[in-house]
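Topology and contacts: notes
Spelled out, the chains give:
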Amino acid sequence: MRQEWEAAHSVTEELVQGPPSRRANATLTACPTGNHLWFIGGEFFSEDGKAYFYNDVFRYSPEKDEWRKFVSPTCPGPRSAHAVATTAAGGGKLFLFGGEFSSQNQTTFYHYRDFWCFDIATHSWDRIDIRVRPTARSGHRMAVWKHYIVLFGGFYDPGITTRYLNDLWLFDTQEYKWHLVDFRPNQSRPCPRSGFSFLSTSEGVILHGGYCKEYVKGKRPIGIMLEDTWLLQLSLPDASSSGSNSNSAEPSSSKKKLDLVIKWERRKRPSTAYIPALRSGCTMTAWQVKEMGVMFGGVTDEDTNEETLESLFWNDLNAYQWSGKGRWVSLTLRKPKKKPGKQKSPAMIQHGNESDDELEDLKTPIKATPRAPTTKRLIGGNVDPDDPMLTIPLPRYNAMLAVLKNSLYIYGGIFERGSREYTLDDFYTIQLDKMDRFVCLKESGVIIEEGDDESDDEETENGDEDEDDEDEEDDDDDYYSDDEGTVVGSVATKDDLDELLFKPILGDDLESATVIEEIESEDESNTTITMASTEKVVDLRSQATTFMGVLKDTSRSSEDMLSTPLPGETLAMFYSRSRDYWSQKALLSIGSGLSDVRGKQLRTVGFNLAEERYQEYKPILNEVERMLAEAGLDDEEIRRSAAGGGVDKGKNRNRR
């Protein structure tokens, strides 16, 4: 047993050239025990429509400008939009929860609800299997307060609408238990959201902004950018106090009550105070030295009508100082000195009427403004080559940020021009205590076509019907998949399933075989599949993911829908749902010569036909149910997910 455990937790360390490959929605996290950055997971969508999800772990050392990659057989599956929180206890730990995964051809998509711990000292992963835990989700955030991991929000996409969450969970790292916090109906708390900022402070956790969608019956969903700020007050109860505070929430979902006072407080902002422009896609990272959250970039969308989404991309730096009542400041670059003896430039912080004593060492008057990126940065004419403005990164949203001591690091992000989306892979740093210039540690190899806007406009004006048809076909592929989570969407056709039933597939859609080989045993209801080889397991998983695609195809005939069993359905449930259909099939199979057969005999023949069909699909149904159970769905949720409709066509995945 000891040898098996050591083999499963063996770690390979590799020195790699430069930062990770192009990807978005990964996590970049400051190491709690050393001067390193940890980079985990992410996703990349290629121009040919392929989706690539990653589960690799990288460590960056600024002193050496060195990237190292750590690989272990035991590790989380490929994913993006997950959350990571760190603690220095026990030599340093990284805790990871949730996320999402898509098959390479985007025929299936699902969310994770697994929970992992990465040991910084040994570079090994351990999965934390706990029955009571948060539901499957993406776009959530986690922060650490004392020995608690605080998890809030995110979204879950069941295939019809995106359901945003505002539940609050606390994980006790000493007792290894999750606690769901219950709030009374009249208690104030943030609305459901994802993609928000979540910063740990001595008083609790600061929450700011985020994104959600508003669904109104009969109308298309509208994206909502949020700009409210909340403080989740966390404190230990006074020993002298008796009873419970009527204004505080009570943790549940655990036999042992959590001994904490928990309360949400919305922070008010004076009307004259500075605040960054409304935007999304700009999660802050903590600058603990100054008790500030630092934010870079973002996108402001103007959803003018059903066909037009005007977007403004940002490349400015802002910070939220969480001490006291909280306030926003604009971090801008300091002008270079022209001649010796000149006066220093004005203070760098632009804000309201508040004082800046705690930031008096920061100086600058140059402010980055939203602009479109360009592939050319030529120095000539009256341009000063020492102008710090030339060092500002291109505008983007969903950039990955982390602060080590006083240095901010920025990796990648997403930029859009016209109908094209560019995933960036550049790597920058800037000293926040000096604010003199950005330093490019790795330039982006992405070429942004300057003519995209014009060409898109011309295509729109011409109204090329052939291209519109192609776009509609492409839109039908806007679905995704995974392996530790919840299958929620698919658009494969019945022909795809027929081909899978008779043609072996080696699972090229999956980035990591470790997820495929993993067998869940948490719930007794989970089905364990034993295969003679990994190829057969992969083949069955591929058939299952494609089968989910068939179920989500809304163009199927009613006959096909009735004759196909659903995941989570027993034979009795399947027959009850399609009894009339099988009765008609029974009459046809008996033949005209025995058309007088009625009653019990007819029902028996019909049931036998339904059972034959059910057994034909049973291995695939078992695998689909196992995939959904791994995501944490119960039997009712499995049936509801399998019967769900399709995802909105043409939606932008990154606007969630």
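Residues numbered from 1 in each chain as written. Predicted model: local features only at pLDDT ≥ 70, side-chain atom pairs only at ≥ 80, totals over all residues. Heavy atoms only, no water.

As annotated in an unreviewed UniProt entry, the chain carries the name Galactose oxidase and is attributed to Lentinula detonsa.

This part takes up the sheet that holds strand β18 (residues 261–266). Adjacent strands of a sheet form backbone hydrogen bonds with each other and so pair up, either parallel or antiparallel. Strands sit in the order β14-β15-β16-β18 across an open sheet of 4 strands; the sheet is antiparallel. What marks the edges here is a single partner per strand, and that holds for β14 (197–200) and β18. Neighbour-to-neighbour, the strand axes of the sheet open up by a mean angle of 25°, direction not taken into account. The pairing of β14 with strand β15 (residues 204–214) spans 4 bridges and is classified as antiparallel. Across the sheet, Ser200 pairs through a bridge with Val205, a residue of β15. (Pairing = 2+ DSSP bridges. Helix = DSSP H or I, 4+ residues; strand = E, 2+ residues; numbered from the N terminus. Axes fitted to C-alpha atoms, helices over the stretch in contact; angles between N-to-C directions.)

Scanning the model with the defined rule gives 41 aromatic pairs in all. Consider the rings of Phe115 and Phe171, whose centres lie 4.8 Å apart with planes at 80°: the pair is edge-to-face. Within this pair, whereas Phe115 is found in strand β8 (residues 109–119), its partner Phe171 is found in strand β12 (residues 163–172), the two being separated by 56 residues in sequence. Accessibility expressed as a relative area gives 0% for Phe171, which makes it buried. Judged by centre distance (5.2 Å) and plane angle (80°), the ring pair of Tyr575 and Phe607 falls under edge-to-face. Here Tyr575 is found in helix α8 (residues 571–577), whereas its partner Phe607 is found in helix α10 (residues 599–630), with 32 residues between them in sequence. Among the aromatic residues, those joined into a ring-pair cluster are Phe39, Phe58, Tyr60, Trp67, Tyr409, Tyr411 and Phe427. (Phe/Tyr/Trp six-rings, centres within 6.5 Å; stacked < 30°, edge-to-face > 60°. Buried < 20%, exposed > 50% of the residue type's maximum accessible area, 1.4 Å probe, protein only.)

This part takes up the side chain of Arg127. Take Arg127: it is sitting in strand β9 (residues 124–127). Looking at Arg127, the relative accessible area reads 17%, which means it is buried. In terms of polar contacts, Arg127 uses its side chain to reach the side chain of Asp129, at 2.9 Å. (Polar contact = N/O pair within 3.5 Å; in protein donor to acceptor, adjacent residues only side chain to side chain.)

A positive phi angle is found at Asn25, which is not glycine, with a value near 55°. By the element assignment, Asn25 lies in the loop between β1 (12–16) and β2 (27–30).

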